[in-house]
Amino acid sequence: MTDRPTNRPDDTTAPDLEALLIALPPEIADRLRALPPERDLIEVIMDLGRPPEARFGGGGEETLLPREVSEEDIQYVVDHIGSFGEDNRAGIERTLHRISAIRNRSGKIVGLTARIGRAVFGTIEIVKDLVESGKSVLIMGRPGIGKTTMLREAARVLADELDKRVVVVDTSNEIAGDGDIPHPGIGRARRMQVRTPQQQHGVMIEAVENHMPQVIVIDEIGTELEASAARTIAERGVQLIGTAHGNNLDNLMLNPTLSDLIGGIQSVTLGDEEARRRRTQKSVLERKAPPTFDVVVEIQSRDRVMVHPDVADTVDSMLRGDPVAPELRWRDEGGVHRSQARPRPGPQSQIPGERFGGLVGQGTASFGGGWRTEPGWRPDARPFEQERGARPGYRPGASGGWRRGPGGSNGGASGGGPFRQGELADRGPLERGTSVSDQRARDARELERQREWRDSATRAITQLRAEESSGPSGLADDEAEDIELNALEQEAQFDDDELTGDRRPTRLPAAGETSLPTLNVLGYGVSHKRLEQAVRELQLPVTLVRDAEEADVVITLRNYFKQKAPALREAEERGLPVFVLKSNTMVQMESALTSVFALEIDPRDAALREVEEAIGLVNEQAKPVELSPQNAYIRRLQHQMAERANLVSHSRGREPYRRVRLYPDEAAPRIRRRSG
C-alpha cells in the first residue's frame, strides 16, 4: 500500500481563530487577541442591547466591551460570514467555526453566538480500539463536551490510518466546516452536505446506496426517521460512528424517539407459568430488537469516558434490574488507563421509585421499592418457606429463635427463617424483605403502654414488699399476696423481655406436636399468600417450592387441572400426588394440607384442648399461662372457655402472632386494680 498524504497539520490543534476574528467587529476582535491562549476561548456572545461576552472552556465569562452591542455590530458579522441556513447556522469557509443566529418574531437577527471550532488531534486515542474494531459506536455527552470533535477525529483516523472508505453526513457543516471544500480535520474522508436538517435521513440512505462506504459518520441523530435510517445502514453491514442527544444510556432508554438505537423497549405480558419462573410480575419490559450500535461511549469530561462494550447485554441487564458495570477509561500524562467501574445499582435497589417504572406504571415497595416481584416471593429469589426440619407448633420470637425440640436441636435451618426475631417479633413475617427501620405510630403507642404497665407493676411489687415488711398478716392474705406478687413479677418480666427482644413467656406446647416429615409443596395456580397463611395457621412443616422437580405434593385449582398445564403433567409423570381445590380459599387449602399430613385431629379441636390443659395448669400452679397463636375465631372460643372456668384472659401481640394469656382468678382483681 502506497503512502498517501494525511493532510494533518503539524500542530495539535488547528483553531483558525484569525479567520473568525476578521468576521467580528474590530473592537471585539482586538479585545479577543489580547486574551492569553490558556484561557481556552470557546464562544463569543453578541446580544442586541447587551455588552459582548466571551466564554471559556474552563468555565467563567468575561465582558469584552463596556458598551452595548448595536445593530451595526450584528450586521457587520452577517456581512462577513456565509448565509444562514434553515437551522439558523452559518460558517466560515474551510474553517470549523460556527455562527448561530437568534431572530425575533419578524425574522430579524437580534443575537449571535460565535463558537470556535477546533480540530483536536489525539482525542480519539481513548477509544481508538473501539473505532478500529469495526463495531458501530454511539457517542453521548452533554453539549460542548467534545462529541463532534471526537467524531471528526474518528473520521480522520479511519480514512487516513486504516485506509477505509469513510463518508461524513454533515448536516450543519459542523464536522467538516463551511464551504464546498471540507476541512483537513477529517483527513481523506468524503463529506456529504445536507440541504435542510429534515433531509438528513434521506442523505444517510443515499450515501449507502450511491457511494459504497465502509464507514458512515453522523452527527446529532435526533429524530425517529434518522434512527430508522441508522438501523437500515447497520443492517447493510456498514460501520456507524455517530452522536445522539443525551448524557448517558439511561436517557436513551427513556427516550421513545431514539430508543431504537439501542434496540427499542417494549412491554411484554407473560403467562402465569413464565412469570412464576422468572419471579416477576406479568407485565415486564424487554428489548425489542438487536441494537443499532454495538458500543456506547459516555463522555464525562474531555479525558474521561464510560464505555458500554456490549450494548445488548447492558440494556437487558438494566431492564431485568441487575446492576451494570461499564468500563471506565481516562487519559493523563501516563497514557490511557482502564478499569472496571463500580456497578451501577439496578432498578430494584433504587428507593423509592423505579428507574424505568414510568414505562409500565408505578411500582410497589415489595421489592425494596424498586423492580417488582410476584407477591409471596422473597427479594433474594427464594420462595417464602417455613424452616426445613421444623416441627408443628414452632413459633418465632422465643429465646434462641425457634423453640427447641426434645433433642435440643434448633428447629430452624442455618441461615435464619422467614420470621424476624427480637423486638419486631409481633409484626408478622417479613415476606418481601421490607425495611421496617422507622417506628410506626401504633408501635410507639404500644411500646409506651408496655412501659407504663411495667412501671405500674414495679410500683405494685415495691408496695407489696413494703407492706409485708411492716408487719405479719393472716395466712390467707399472705397466700393471696404471694400469688399476686408472682403474677406481677412474671408480667413485668414478660413486658420487659418484649421491649428488649429477649422473650421467654411461659406457654404450653401445642396439641398434636409430634415429629412430622417436612414436605415440599408446589402451589400451582393458587394464591401463594393464602397458602402461606394456611401453613402458618396449621403450623405444619411445609416448604413452598416453585418447580415440580423439587415438590413432594402439588396443590392446584380445578380449572388448571382440567387444562393439564405442563407443570401438572410433569408432576403426574413423576407420580406426585395432586390435590385439586374447588376454590382458591384458605378453607380449601387447610383441608388439603390436613389431608396431606393425615391429621387425626382438627386444628380447632387441638387449640381448645390446649385451653383445657392450660386451665388445669393455671389452677394448679396459680400463675399465668400463654397459649399458642391462633386466629380470631379460635381466640374467641378460648376466651369463652376461660370465662366458664372463672379465669381472666387477655389477647396479646399482633397478627399472626396474637395469642391468649390466662391469669389465675385470685390475682386478676388485684392486677387490674394495681395497674389502673
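Keep in mind that what you see is a predicted model, and the values were worked out from it rather than measured.

Enquirer: Can you walk me through helix α10 (residues 311-320) in this structure?
Expert: Note that an α-helix has 3.6 residues per turn; residues three or four places apart therefore point the same way. α10 sits mainly inside the fold: seven of its ten residues count as buried. Within α10, burial applies to Val-311, Ala-312, Thr-314, Val-315, Ser-317, Met-318 and Leu-319. Where the residues of α10 are buried, they touch α8 (249-253), β12 (265-269), β13 (283-287), β14 (295-301) and β15 (304-308). Here α10 starts with a cap whose side-chain oxygen sits 3.4 Å from the backbone nitrogen of Ala-312, and that cap is Asp-310. Downstream of α10 by one or two residues, Gly-321 has phi in the positive range, about 90°.

Enquirer: Could you clarify how one ought to interpret the nonpolar core in this entry?
Expert: Across soluble globular proteins, nonpolar side chains show a tendency to be buried alongside one another. If you look at the biggest cluster of nonpolar residues, it comprises 36 residues, and the most contacted ones within it are Leu-138, Ile-216, Ile-233, Leu-252, Leu-261 and Ile-262. If you list the elements that add at least two residues to this core, you get β7 (137-140), β8 (166-170), α6 (200-211), β10 (215-221), α7 (224-235), β11 (239-244), α8 and α10. With five residues, the single largest contributor to this core is α6. Once residues lying within four places of it in the same chain are set aside, the contact partners of Ile-216 are Val-167, Val-169, Met-204, Ala-207, Val-208, Ile-233, Val-238, Gln-239, Leu-240 and Ile-241.

Enquirer: What should I look at first to understand the packing of α6 against α7 in this one?
Expert: In helix packing, the relevant descriptors are the interaxial angle and the interaxial distance, both defined with respect to the helix axes. Packing of α6 against α7 brings their axes to within 8 Å, and their N-to-C directions diverge by 10°. Judged by the inter-axis angle, α6 sits roughly parallel to α7. For the pair α6 and α7, the contacting residues are Gln-200, His-201, Met-204, Ile-205 and Val-208 in the first and Leu-225, Glu-226, Ala-229, Ala-230, Thr-232 and Ile-233 in the second. Across the contact of α6 with α7, the residue classes break down as seven nonpolar, three polar and one charged.

Enquirer: What exactly am I supposed to notice about the side chain of Arg-331 here?
Expert: With respect to the element layout, Arg-331 can be found in strand β16 (residues 327-332). Only 2.6 Å separates the side chain of Arg-331 from the backbone oxygen of Gly-122, close enough to count as a polar contact. A distance of 2.8 Å separates polar atoms of two side chains, one belonging to Arg-331 and the other to Asp-303. Leave out the neighbours within four places in its chain, and Arg-331 touches Gly-122, Thr-123, Glu-125, Ile-126, Arg-302, Asp-303 and Val-336.

Enquirer: What's the story with the pairing of strand β23 (residues 648-652) in this structure? I'm lost.
Expert: As paired strands, β23 and strand β24 (residues 659-663) are joined by five bridges and run antiparallel to one another. Considered in β24, the bridge of His-650 is made with Arg-661. From the end of β23 to the start of β24, which pair antiparallel, there are six residues, and Gly-653 there has a positive phi angle of about 80°.

Enquirer: Where do I start with the packing of aromatic side chains in this structure?
Expert: The geometry of two aromatic rings is summed up by the distance between their centres and the angle between their planes. Taken as a whole and assessed by the stated rule, the structure comprises one aromatic pair. Ring centres of Tyr-524 and Tyr-560 lie 5.6 Å apart, and the angle between their planes is 85°; this geometry places the pair in the edge-to-face category. Linking Tyr-524 in strand β18 (residues 519-524) with Tyr-560 in helix α14 (residues 558-563), this pair joins segments that are 36 residues apart in sequence. The exposure class of Tyr-524 is buried, given its relative accessible area of 7%. Positioned above the aromatic ring of Phe-56 is the side chain of Arg-39, whose terminal nitrogen or guanidinium carbon lies 3.9 Å from the ring centre.

Enquirer: Explain the sheet that holds β23 here, please?
Expert: Adjacent strands of a sheet form backbone hydrogen bonds with each other and so pair up, either parallel or antiparallel. Taken together, three strands build an open sheet; the order of strands is β22-β24-β23 and the sheet is antiparallel. Both edges of this open sheet fall to β22 (625-626) and β23, since each of them pairs with a single strand only. Sheet analysis places β22 next to β24, joined by two bridges and oriented antiparallel. Within β24, the residue paired with Glu-626 across the bridge is Arg-661.

Enquirer: How do you make sense of the sheet that holds strand β19 (residues 542-545) when you look at a structure like this?
Expert: Read across the sheet, four strands follow the order β19-β18-β20-β21 without closing on themselves; strand pairing throughout is parallel. Of all strands in the sheet, those bounded by a partner on one side alone are β19 and β21 (578-581). Strand-to-strand, the axes of this sheet are offset by a mean angle of 30°, without reference to chain direction. Note: β18 against strand β20 (residues 553-557), four bridges, orientation parallel. Within β20, the position partnered with Val-521 by the bridge is Val-553. Each of β18, β20 and β21 touches helix α15 (residues 566-573); the most contacted strand, β20, lies at about 145° to it. Packing against the sheet, helix α16 (residues 586-597) makes contact with β18, β19, β20 and β21, and its axis sits at approximately 155° to β21.

Enquirer: For this particular structure, what's the right way to read the pattern of salt bridges?
Expert: Should their charged atoms come close, side chains of opposite charge can pair. Counted by the stated rule, this structure contains 33 salt bridges. Taking the shortest distance from any N to any O, the salt bridge between Arg-33 and Glu-18 comes out at 2.8 Å. Placement of the pair is Arg-33 in helix α2 (residues 26-33) and Glu-18 in helix α1 (residues 17-23), with a sequence separation of 15 residues. Of the residues examined, Arg-33 reaches a relative accessible area of 40% and is grouped as partly exposed. Taking relative accessible area as the criterion, Glu-18 reaches 42% and is therefore assigned partly exposed. Each of Lys-128, Glu-132, Glu-153, Arg-156 and Glu-161 takes part in a single network of salt bridges with overlapping partners.

Enquirer: Would you explain the confidence of the model for the chain in this entry?
Expert: Detail in the predicted coordinates should be disregarded across regions flagged by low pLDDT. Per-chain confidence: the chain averages 75 in pLDDT, with 70% of residues scoring 70 or above. Below a pLDDT of 50 lies the segment residues 1-14, which in the model reaches 21 contacts outside its immediate sequence neighbourhood of four places, other chains included. Considering only residues more than four positions removed or in separate chains, one finds that residues 671-676, a stretch of pLDDT under 50, has 14 contacts.

Enquirer: Any chance you could explain helix α5 (residues 147-161) here in plain terms?
Expert: Look at α5: 21 Å from first C-alpha to last across 15 residues, which is about the 21 Å you get at 1.5 Å a residue. Residue Asp-163 follows α5 closely and has a positive phi angle near 55°.

Scoring rules and cut-offs
Residues numbered from 1 in each chain as written. Predicted model: local features only at pLDDT ≥ 70, side-chain atom pairs only at ≥ 80, totals over all residues. Heavy atoms only, no water. Buried < 20%, exposed > 50% of the residue type's maximum accessible area, 1.4 Å probe, protein only. Helix = DSSP H or I, 4+ residues; strand = E, 2+ residues; numbered from the N terminus. Contact = heavy atoms within 4.5 Å. Polar contact = N/O pair within 3.5 Å; in protein donor to acceptor, adjacent residues only side chain to side chain. Core = buried A, V, L, I, M, F, W, Y, C linked by side-chain atoms within 4.5 Å. Axes fitted to C-alpha atoms, helices over the stretch in contact; angles between N-to-C directions. Parallel < 35°, antiparallel > 145°, perpendicular 65-115°, else oblique. Nonpolar A, V, L, I, M, F, W, Y, C, P; charged D, E, K, R; others polar. Pairing = 2+ DSSP bridges. Phe/Tyr/Trp six-rings, centres within 6.5 Å; stacked < 30°, edge-to-face > 60°. Lys NZ or Arg CZ within 6 Å of the ring centre and 35° of its normal. Salt bridge = Lys/Arg side-chain N within 4 Å of Asp/Glu carboxyl O. pLDDT = per-residue confidence, 0-100. Expected span 1.5 Å × (residues − 1).

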